[in-house]
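Chain by chain, the residues run as shown.
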Amino acid sequence: MLRARFALLLSGALGADEAKAEGVARAMELVHNASLLHDDCVDEAELRRGHPTPNKVFGTTVGLLLGDLAFAQGLEEAIDISPNAPKLLVTTVREMTVGELQEEFLKGATAVSVDAYMGVAARKTGALFEWAGAVLSELSPFPHEQADPPRLACAAGILLQIVDDIHDYTLSERVSGKDEGQDLKNRRLTLPCIYAVSDTASRAEFLELWDAKEPDAARIARFLKDRGHISKTREKGRQLVDSMLAMIANLPCKAEAKELAFFVEIVAKREF
Amino acid sequence: MSYEALLRKAWKSGDFVVSEAEAKQADPADAASWRKVRHEMEEIAARETWDANSCLVAHREGIMKLAPFVKFREEKFGAVLFETRSEKVYTLSPTGAAVVREIVAGAASADLPAKLKEKYEDPSGKMAVEAASFLSQLKEKGLIVE
């Protein structure tokens, strides 16, 4: 429930109304879970958060319909937040979908740049966070322009995506609660692998492992770790954290802003 | 079997029934189409990095940045800046778009003329003059900060 937690902490740091902030948190989680329900259908995933997925238990049709229902409920939540919230959420869902489509068309590609990865992450993950930042900013009674809550929140979303993509190679199924090696299985080149491909010393060996008839996920994970590409990915995350901390320092409610800063550090370092 | 291949088959044989074996056949046209689309998407995704770049440079000092709540977008009809709170949209000329692209990428104002010269031919020197004037307008309107 990282999204909900982020929304509530940001709301506290902006001094926004608590009840409305809870609505933002619920809407975020509903829309996010809608996208997970659909993703699990597309990926034919069997495990999510340590439990069998709805598509595994009830079939793809039910999985898709549950996702649609969750989207609709997320939009319903937005209606009660503010006049602008539903309109912004519709634009957000479009951005999320564009990001997912871009990612879909990039499956199997090996010429994905770091910039392209970051741009896709800003859409498919950052956009929903950005929505929360924009809506909570409207609800804040205090001056806070320099904190730029929408941009701050977008950065949080991109950071979360980077950490998730690291975890796909570093966490076991038991810890992550989801199927291991999904990115490899779906031929999706994420940031650690993009660094491997763009490093002249690693490129050839990495592509051999990646393009093998039966790619060995554990071996790829070890390669990425041993050649420093996981560390380099964490450094990219660190750049985002530094950016976010600078923006957080401008939030009006200082005690709550400190909690948000601590949360951002936890998100960057988490191993679960 | 791709839709294209099915149409070709139907045109030849008059039937739309696909056998299991045919369904499993890789269609070279399919693979080529996919490669083309993937290549195009690599270029599109590499271009559309505005929001991510803004997030990365937000804390850096001594460079120009999009002001808070300002976004940059390049659409088919041209490039725009929009202020998300007032919903004001500013359409950009090609020179304007080139300037904002450099800003989003994290250029310092002193480096801007050189960066533009690197990428664009400007024999008359008009671009450099337009860029400087445009930069002042952006600062005046509060669309960029330094």
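If you're wondering where the values come from, they're calculated on a predicted model, not measured in any experiment.

**Quick notes on helix 14 (residues 254-269) of chain A**
Residues lying three or four places apart along an α-helix face the same way, a consequence of the helix completing one turn every 3.6 residues. Residues and elements named next belong to chain A. Its 16 residues place the ends of helix 14 23 Å apart at the C-alpha level, agreeing with the 22 Å of an ideal helix rising 1.5 Å per residue. All of the buried residues along helix 14 are Ala257, Leu260, Ala261, Phe263, Val264, Glu265, Val267 and Ala268. Packed against the buried residues of helix 14 are helix 1 (2-14), helix 7 (149-170) and helix 13 (229-248).

**Digging into the state of the cysteines**
Two cysteines form a disulfide when their sulfur atoms are joined by a covalent bond. The final tally for this structure, using the stated rule, is zero disulfides over all chains. Left without a disulfide partner, Cys55(B) is nearest to the cysteine sulfur of Cys154(A), which lies 3.8 Å away.

**Structural notes on the pattern of salt bridges**
Residues and elements named next belong to chain A. Considering all chains together, one arrives at 26 salt bridges over all chains under this definition. Ionic pairing is found between glutamate 205 and arginine 227, a salt bridge with its closest N-O pair at 2.6 Å. Note that glutamate 205 is positioned in helix 11 (residues 203-210) and arginine 227 in the loop between helix 12 (217-226) and helix 13, a separation of 22 residues in sequence. Using a relative accessible area of 38% as the deciding quantity, one classes glutamate 205 as partly exposed.

**Concerning the interface of chain B and chain A**
Across the contact, 29 residues belong to chain B and 39 residues belong to chain A. Summing both partners gives a buried area of about 2500 Å² for chain B against chain A, and 61% of it is carried by carbon and sulfur. The largest contributions to the chain B side of the interface with chain A come from Cys55(B), Leu56(B) and Phe69(B), which together make up 23% of the buried area. Across the contact surface, chain B and chain A share five salt bridges. Here Arg73(B) ties to Glu95(A) by a salt bridge, and the two come within 3.5 Å at their closest N and O atoms. Our enumeration of links across chain B and chain A arrives at 12 residue pairs in polar contact (both at pLDDT 80 or more). Considering only residue class, the side of chain B that touches chain A consists of 17 nonpolar, four polar and eight charged.

Parameters at a glance
Residues numbered from 1 in each chain as written. Chains lettered and ligands numbered in written order. Predicted model: local features only at pLDDT ≥ 70, side-chain atom pairs only at ≥ 80, totals over all residues. Heavy atoms only, no water. Helix = DSSP H or I, 4+ residues; strand = E, 2+ residues; numbered from the N terminus. Expected span 1.5 Å × (residues − 1). Buried < 20%, exposed > 50% of the residue type's maximum accessible area, 1.4 Å probe, protein only. Contact = heavy atoms within 4.5 Å. Disulfide = S-S within 2.5 Å. Salt bridge = Lys/Arg side-chain N within 4 Å of Asp/Glu carboxyl O. Buried area = accessible area lost by both parts, 1.4 Å probe. Polar contact = N/O pair within 3.5 Å; in protein donor to acceptor, adjacent residues only side chain to side chain. Nonpolar A, V, L, I, M, F, W, Y, C, P; charged D, E, K, R; others polar.

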